[in-house]
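This is what each chain is made of:
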Amino acid sequence: MPYYRRVGEIPPKRHTQFRQPDGSLYKEELMGQEGFSSDSSLLYHRYPPTAILAADAYDAPRVTRTPNHPLKPRHLQTHKLDTTGADAITGRQHLVANDDVRVSYVTADRPSPLYRNAIGDECLYVEAGTATIETQFGALDVRLGDYVIIPMSVIYRVVPTGDEPLRMLSVESTGHIGPPKKYLSVRGQFLEHSPYCERDVRGPSEPLLVDETEVEVIVQQRGGWTKFVYAQHPFDAVGWDGCLYPWAFSIFDFEPITGRIHQPPPVHQTFEGPNFVLCSFVPRKVDYHELAIPIPYNHHNVDSDEMMFYTGGNYEARRGSGIEQGSISLHPSGFTHGPQPGAVERALGVEFFDELAVMVDTFRPLDLCEPGLSVEDTGYAWTWNRKV
């Protein structure tokens, strides 16, 4: 995380005695990355964070992966998924995946179990609804357009709030997700050319304390899932400080970078992970050269697959293809893709695009998962051949 944060009660000096009102010591926990060599935070617990009563194998949600063969562009219609009666963790419907990242979709109408992903960071994007993300570090209230970054091994749960179901896209990595290095100084400060900065980032503001005993937490790790029973609820930290914590950022706070002629996708980059990037396409003024063509040219990124989640507005380059709210397009390496027939002519002279989309570009091919294939629009690959 790019900056230091302090919440609740902590001692003036780290790794020193810090006593509870009854005279006993608070239990200090360091949560850090890369073996004490990268970002970390110190949490101060009322109870030992190590005290477990049981550890049993847990039946994990099933994941199947099928190569994109025969190779072709795909259109997945997430709003057709059967996601009734689900929570935001165990109800995830897997769409695409490779050895670096897995992308899923969920419609949740109930609180999730307590959960820890011990494989990598997660990025949750809220398409609709509201929720509270409860964590060891405190709570985050999230709403439409919010990205939430959950660092690896943070215990959390998702509690939908409000009247409508929570719709979320989840991006699970096998490493860490954060702001692109090109936006940060050598000490981690957002630079002036960054499309967002520290003022746009929201972190927990106060401790979250829950008094319960014998509490279940499910953990995803390499090789399977485990259900732990903790002696005390893990939400018992009276304070913490550091640079590692869950945080939220609204896509509506992303400041688009525009130019006289069409700007390539790297200007939309929002986060980076191991062998993938996430980008935000937001409402913006478009190209203002007198002969500009505002929409993308045909392109073939030979090193990457492009997955786009359409989450609002009108995406002009895809008009006529069947793409709609909640659609996901997958344009793989090995296929040249570009605007639909007629889109270039319609875009000439347009000054503003009202579009909202989240893109995941991966540098290894994406496989298709069973739920994604179940809602595929199988006619999408041929839409470039239609006459307008």
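Thresholds, definitions, all that
- In every chain, residue numbers begin from 1 and rise along the written sequence.
- Local features in this predicted model are restricted to residues whose pLDDT is 70 or higher, and side-chain atom pairs enter the listing and the counts only when it is 80 or higher, whereas totals over whole chains, interfaces and linings include all residues.
- Each side-chain value is derived from all of the structure's non-hydrogen atoms; neither hydrogens nor water enter the calculation.
- Here, strands pair whenever DSSP counts at least two bridges between them.
- In this description a helix means any DSSP run of H or I spanning at least four residues, a strand means any run of E spanning at least two, and both kinds are numbered starting from the N terminus.
- Whenever a helix is involved, its axis is fitted only over the stretch in contact; in every case the axis is a line through C-alpha atoms, and angles between N-to-C directions fall within 0 to 180 degrees.
- Each residue gets one of three labels from its accessible area relative to the maximum for its type: buried under 20%, exposed over 50%, partly exposed in between, using a 1.4 Å probe on protein chains only.
- What makes a salt bridge here is a side-chain nitrogen of Lys or Arg within 4 Å of a carboxyl oxygen of Asp or Glu, nothing more.
- In this description, contact between two residues means that some pair of their heavy atoms is separated by no more than 4.5 Å.

I'd like a description of the sheet that holds strand β22 (residues 276–281), backed by residues and values.
Spatially, β6-β25-β24-β27-β22-β21 is the arrangement adopted by the 6 strands of the open sheet, whose pairing is antiparallel. Here the strands that pair on one side only, and so sit at the sheet edges, are β6 (74–77) and β21 (269–273). The sheet shows a mean angle of 15° between the axes of neighbouring strands, direction not considered. As judged from the 4 bridges shared by strand β24 (residues 305–313) and strand β25 (residues 327–331), these two strands associate in the antiparallel manner. Bridging across to β25, Met308 finds its partner in Ser329.

Explain the pairing of β21 to me, using residue names and the numbers behind them.
The buried fraction of β21 amounts to 4 of the 5 residues, a majority that puts the element mostly inside the structure. Inspection of the sheet shows β21 paired to β22 by 4 bridges, in the antiparallel sense. Across the sheet, Phe271 pairs through a bridge with Leu278, a residue of β22. Between β21 and β22, which pair antiparallel in sequence order, lie 2 residues; one of them, Asn275, sits at a positive phi of approximately 65°.

Would you mind going over unusual backbone geometry in detail, with residue names and values included?
In this structure, the amide linkage connecting His69 to the following residue, Pro70, adopts the cis form with an omega of 0°. Among the secondary structure elements, Pro70 is positioned in the loop between β5 (65–66) and β6. Positive phi, normally seen in glycine, also occurs at Glu214, with a value near 50°. By the element assignment, Glu214 lies in strand β17 (residues 213–221). Since its relative accessible area comes to 58%, Glu214 is described here as exposed. For Asn275, which is not glycine, the phi torsion reads 65° and is therefore positive. Positionally, Asn275 belongs in the loop between β21 and β22.

Before we move on, could you go through the sheet that holds strand β10 (residues 122–128) and cite the residues and values that matter?
Taken together, 9 strands build an open sheet; the order of strands is β5-β28-β7-β8-β15-β10-β13-β20-β16 and the sheet is antiparallel. The open sheet has two edge strands with one neighbour each: β5 and β16 (201–202). In this sheet, strand β13 (residues 146–150) lies alongside β10 in antiparallel orientation, the contact comprising 4 bridges. Note that in β13 the partner of Leu124 across the bridge is Val148.

Go over the pattern of salt bridges, please, and point to the residues and values.
This structure, assessed with the given rule, holds 15 salt bridges. Residue Glu122 is joined to Arg92 by a salt bridge in which the shortest nitrogen-to-oxygen separation is 3.1 Å. Taken together, the residues Glu122 in strand β10 and Arg92 in the loop between β6 and β7 (93–97) connect sequence positions 30 residues apart. Note on Glu122: relative accessible area 1%, which makes it buried. Exposure remark for Arg92: the relative accessible area of 6% places this residue in the buried category. Arg102 serves as the salt-bridge partner of Glu172, at 3.1 Å between the closest nitrogen and oxygen. Of this pair, Glu172 sits in strand β15 (residues 166–173) while Arg102 sits in strand β8 (residues 101–108), and the two are 70 residues apart along the sequence. You'll find Glu172 and Arg102 in the same group, each marked buried.

For the environment of Pro11, give the residues involved together with the corresponding values.
By the secondary structure assignment, Pro11 is in the loop between β1 (5–8) and β2 (27–32). For the pair Pro11 and Thr270, spaced 259 residues apart in sequence, the C-alpha to C-alpha distance is 35 Å. The contacts of Pro11, once residues within four sequence positions are left out, are Thr16, Phe18 and Tyr44.

Functional significance is not addressed by these values, which are geometric in nature.
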